[in-house]
Amino acid sequence: MLYYTYKLLDEDKVSEFKKKLLISADWVDGSTSASGQAKMLKRNLQLNAGETRDNLANELTRIFQNNQAINTAIFPEKIFNILFSRTGKGMYYGPHVDLAFLPEGRRDLSFTLFLNDINEYKGGELILYIPPEKKQIKLNPGEMIIYPTKYLHEVKEVTEGERMVCVGWIQSQIPRDDDRENLYQINLSLSEIIAAHGRSSSTQRLNTAFHRIYKRFLI
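In this text the structure is predicted, and so the values were computed from the model without any measurement. (Residues numbered from 1 in each chain as written. Predicted model: local features only at pLDDT ≥ 70, side-chain atom pairs only at ≥ 80, totals over all residues. Heavy atoms only, no water.)

Draft legend 1. Spatial organisation of the pairing of strand 5 (residues 76-88). Counting buried residues along strand 5, 10 of its 13 residues qualify, which places the element largely inside the surrounding structure. As paired elements, strand 4 (residues 45-47) and strand 5 share 2 bridges and run antiparallel to each other. Residue pairing in the sheet places glutamine 46 in a bridge with serine 85 of strand 5. As paired strands, strand 5 and strand 15 (residues 158-172) are joined by 10 bridges and run antiparallel to one another. Following the sheet pairing, phenylalanine 84 is matched in strand 15 by cysteine 166. (Buried < 20%, exposed > 50% of the residue type's maximum accessible area, 1.4 Å probe, protein only. Helix = DSSP H or I, 4+ residues; strand = E, 2+ residues; numbered from the N terminus. Pairing = 2+ DSSP bridges.)

Draft legend 2. Examining helix 5 (residues 177-197) more closely. Along its 21 residues, helix 5 runs 30 Å from first to last C-alpha, staying within 8% of the 30 Å computed at 1.5 Å per residue. Residues of helix 5 that are buried: Asp177, Arg180, Leu183, Tyr184, Asn187 and Leu190. Elements in contact with the buried residues of helix 5: strand 1 (4-7), helix 4 (68-74), strand 9 (109-114), strand 13 (143-148), strand 15 and helix 6 (201-215). Downstream of helix 5 by a residue or two, glycine 198 has a phi angle that is positive, lying close to 85°. (Expected span 1.5 Å × (residues − 1). Contact = heavy atoms within 4.5 Å.)

Draft legend 3. Structural view of the sheet that holds strand 14 (residues 152-155). Spatially, 3-6-14-11-12 is the arrangement adopted by the 5 strands of the open sheet, whose pairing is antiparallel. At either margin of the open sheet sits one strand with a lone partner, and together these are strand 3 (42-43) and strand 12 (133-137). Relative to strand 14, strand 6 (residues 92-96) is paired through 2 bridges, and the arrangement is antiparallel. Following the sheet pairing, histidine 96 is matched in strand 14 by histidine 153.

Draft legend 4. Main features of the pattern of salt bridges. Applying the stated rule across the entire model yields 14 salt bridges. Among the salt bridges present, the one from glutamate 59 reaches lysine 13, with a minimum N-O distance of 2.5 Å. Taken as a pair, glutamate 59 in helix 3 (residues 51-65) and lysine 13 in helix 1 (residues 11-23) lie far apart in primary sequence, 46 residues in all. A salt bridge links glutamate 16 to lysine 20; the nearest nitrogen and oxygen atoms lie 3.2 Å apart. Of this pair, glutamate 16 and lysine 20 are both found in helix 1, 4 residues apart, which corresponds to roughly one turn of the helix. Judged by its relative accessible area of 29%, glutamate 16 falls in the partly exposed class. In this structure, a network of salt bridges that share partners links the residues Lys13, Glu16, Lys20 and Glu59. (Salt bridge = Lys/Arg side-chain N within 4 Å of Asp/Glu carboxyl O.)

Printed below as a string of structure tokens:
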């Protein structure tokens, strides 16, 4: 899997999130959450721990968990360490790889949920280094990208306006990217066959085989 993109929040929900974030007095220097060399790479504002962050993070987690497309593709076991970030003019986050593990869980996948219009700022692209390519990501409000945490990535300097996003990490029930992708493709293909031709003994056997393989990762 290179990455997935989804429209997670509608316009009303994005507006609600933005309003609560903008009126919050809990914003702090984002480098305070970094350690070691990462402190030198990170220039942004981050919502500090508190009622606003906890409430928004919990609401976002519920929305995430109820999204069938995401559940089918990435098999989330745990969503954690949700952060809200504002990157204004002159701010950035240099090239880095996220830590693979935190006390809260294993970081299999990272996500960025975009919260403001791409016309409200210049620069601020999320860059994913996926050898031999470099992907440049800038999505509309409410859209998110989910990608394997192993990728080197960065946020380019904002040259005008302000970028507002939510980021977080996912521990999947399926640790390996290739296993997760194979299960997703089998399940997706099975759904397409049923939609086109209906259920049959063959689709039942395929469905049984899918769940037998899936269960191996839950033991």
